[in-house]
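What follows is each chain in one-letter form.
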Amino acid sequence: MHEVDMTRCLLLSLEEWKQEHHPHVPCVQTVHLQVGTFTCVEPAALVFTYGAAVQGSWLDGSELRIETVPLRARCLACGSDYSPEPAVAYQSPCCHHPMEEILSGRELRIRSIDYTSPAVPADRVSILSA
Amino acid sequence: MHMPLEDTLGRNLLAANQHRADHNRAHFDAWKLLCLNVMSSPGAGKTSLLERTITALSPELAMAVLEGDMTTELDAERLAAVGVPVVPITTGRACHLDAAMVSGGLTLLQQQLDPAALDLLWVENVGNLVCPAEFEVGEHLKVALLSVTEGDDKPLKYPVMFREADCVLITKIDLLPYVPVDVSRIEAHVRAVNPRAEVFRVSAGTGQGMGEWHRWLLATVREHAACQPPALVNA
């Protein structure tokens, strides 16, 4: 179950974020991820292992929310966008061109983190990327 | 206290691994060597391929191997027998190598030799078609193997691995008379997910097709070396 290692790596990435920006430990409520369907990550398994891995750590009590991003590709023969059929067909249905350009579906991204900073405990700060 | 927007924008879930991988690659570039990450399911023939290829190319290239294995050092012993420096990396529970493990392997390798004397560093990953595709170790190129006995549907079932590969080797082609598989279908499925990969049909057992793969590899190593900036000379 490689989601255990994925989670370990996510925690290291969050640890880096904490150390870069915070002299104090932020109180994280929610970590929002974007996970593409054309990755090796099973979202449900990641949520499960995250819940177990954060127990007793500075992220204890935080929640992992995953937005799934579908696989979309562009046919380079005619320029139209299409949804490949996972494990069945990846070439374009229009021209049978191989899956050359992927538009979305490879995301493994920390999109935003909802947290409160100990410096301003009254505020709940939400950081959203564009 | 507000964090600037770009702080989290696009930060990869695997950013921590990526930073370590970039660090490894910076070392490879300083040493002017090409690093290949070799991946496949268990038993597709990674070690056999390396035995044959290293034997064939050792007159022309200085090589070493970082050998990932879950529990044993059997593969490392096989490769050491062909006369190449090998550092075994036992991953234990983990089903892939990550950049930190490879970094540890590099430290051990440096105790054996000066990596700047190498042309090519092989990283033989743990046998697995799933997660090694997502964990970069600092390699310049990914090589994926698929043996003909695994069936022609594997590029469709494990598409991320074959999409990420720069080179795909269809192995054990000497067994084609004995297995109900159409090698051109394997190749077509690889091309459907990754039209840019170099694809070779090889048999490490009989040597069939190995010459073409070796010529491509030699050209790739030389091209890579030529693209590296000249060494900084200390005043």
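Bear in mind that the values here come from a model prediction, so they are computed numbers and not experimental data.

A.B. asks: What is the right way to read the overall build of chain B from this model?
C.D. replies: Looking only at helices and strands, chain B has eight helices and eight strands in total. Radius of gyration (C-alpha) of chain B: 18 Å, near the 18 Å computed for a compact globule of 235 residues. Reported as C-alpha extents along the three principal axes, the dimensions of chain B are approximately 65 × 45 × 35 Å. Relative to its full complement of 235 residues, chain B shows a buried share of 47%. Contacts in chain B between residues at least 24 apart in sequence constitute 75% of all its contacts with a sequence separation of at least 6.

A.B. asks: Mind showing me how you'd approach the sheet that holds strand β3 (residues 63-69) of chain B here?
C.D. replies: To summarise the sheet geometry, strands pair through backbone hydrogen bonds and adopt either a parallel or an antiparallel arrangement. Residues and elements named next belong to chain B. Pairing is parallel in the open sheet, where seven strands are placed in the order β4-β3-β5-β2-β6-β7-β8. With partners counted over all chains shown, the strands left at the sheet margins are β4 (86-90) and β8 (198-201), one partner each. On average, each strand axis in the sheet is tilted by 20 degrees relative to the strand beside it, whichever way the strands run. Two strands pair when backbone bridges link them, and strand β2 (residues 34-39) and strand β6 (residues 141-147) are joined in this way by four bridges, in the parallel orientation. Bridge assignment links methionine 39 to a residue of β6, and that residue is alanine 144.

A.B. asks: Could you clarify how one ought to interpret helix α2 (residues 46-57) of chain B in this entry?
C.D. replies: Every α-helical turn comprises 3.6 residues, leaving residues that sit three or four positions apart pointing alike. Taking 1.5 Å of rise per residue, the 12 residues of α2(B) would be expected to cover 16 Å, and the 16 Å separating its terminal C-alpha atoms lies within 8% of that figure. Restricting attention to buried positions, one finds in α2(B) the residues B:Lys46, B:Thr47, B:Leu49, B:Leu50, B:Arg52, B:Thr53 and B:Ile54.

A.B. asks: What is the right way to look at unusual backbone geometry in this model?
C.D. replies: When glycine is set aside, most residues are seen to have a negative phi, and most peptide bonds are trans. Not every positive phi belongs to a glycine, and A:His96 is a case in point at roughly 60 degrees. Take A:His96: it is sitting in the loop between β4 (81-82) and β5 (101-104). Its identity as a non-glycine residue notwithstanding, B:Lys32 has a phi of 60 degrees, on the positive side.

A.B. asks: Honestly, the environment of B:Gly45 in this entry has me stumped. Any pointers?
C.D. replies: Within the element layout of this structure, B:Gly45 appears in the loop between β2 and α2. The contacts of B:Gly45, once residues within four sequence positions are left out, are B:Leu145, B:Ser147, B:Thr171, B:Lys172 and B:Ala204.

A.B. asks: Which parts of the structure should I look at to understand helix α4 (residues 99-112) of chain B?
C.D. replies: Residues and elements named next belong to chain B. In this model α4 runs 20 Å from its N-terminal to its C-terminal C-alpha over 14 residues, within 8% of the 20 Å that 1.5 Å per residue would give. Considered for burial, the residues of α4 that qualify are Ala99, Met101, Val102, Gly105, Leu106 and Leu109. For α4, the angular spread of the buried residues around the axis is 145 degrees, confining them to a single face. Of the exposed residues in α4, those oriented more than 90 degrees away from the buried face are Thr107, Leu108 and Gln111. In this fold, the buried residues of α4 make contact with α1 (15-31), β3, β4 and β5 (120-124).

A.B. asks: Explain the nonpolar core here, please?
C.D. replies: In globular proteins that are soluble, nonpolar side chains generally tend to be buried together. B:Leu121 and B:Val123 are the most contacted members of the largest nonpolar core, which has 96 residues in total. When we break this core down by domain, the ones giving at least three residues each are domain 1 (3-70 + 106-128) and domain 2 (71-104) of chain A. In this structure B:Leu121 touches B:Phe28, B:Leu33, B:Cys35, B:Ala64 and B:Leu66, once residues within four positions along its chain are discounted.

A.B. asks: Please explain the sheet that holds β5(A) as it appears in this structure.
C.D. replies: All names here are of chain A. Across the sheet, which stays open at both edges, the three strands sit in the order β4-β3-β5 with antiparallel pairing between neighbours. A single partner strand is all that each edge strand has here, and the edge strands are β4 and β5. Both strand β3 (residues 72-74) and β5 contribute to a ladder of three bridges, which runs antiparallel. Bridge pairing in β5 places arginine 74 opposite glutamate 101.

A.B. asks: Please clarify how the confidence of the model for chain A should be interpreted in this entry.
C.D. replies: As a general rule, the predicted coordinates of low-pLDDT regions are not to be interpreted in detail. The share of residues in chain A with pLDDT of 70 or more is 89%, and the mean pLDDT across the chain is 88. Low confidence marks residues 121-125 of chain A, where pLDDT is under 50. Its contacts with residues over four positions away, or in another chain, come to eight contacts.

So, how was this worked out
Residues numbered from 1 in each chain as written. Chains lettered and ligands numbered in written order. Predicted model: local features only at pLDDT ≥ 70, side-chain atom pairs only at ≥ 80, totals over all residues. Helix = DSSP H or I, 4+ residues; strand = E, 2+ residues; numbered from the N terminus. Rg over C-alpha atoms; globule rule 2.2 N^0.38 Å. Buried ≥ 20, exposed ≤ 12 C-beta atoms within 10 Å, placed from the backbone. Contact = placed C-beta atoms within 7 Å. Pairing = 2+ DSSP bridges. Axes fitted to C-alpha atoms, helices over the stretch in contact; angles between N-to-C directions. Expected span 1.5 Å × (residues − 1). Arc of directions from axis to C-beta. Core = buried A, V, L, I, M, F, W, Y, C linked by C-beta atoms within 7 Å. Domains from an automatic or database assignment. pLDDT = per-residue confidence, 0-100.

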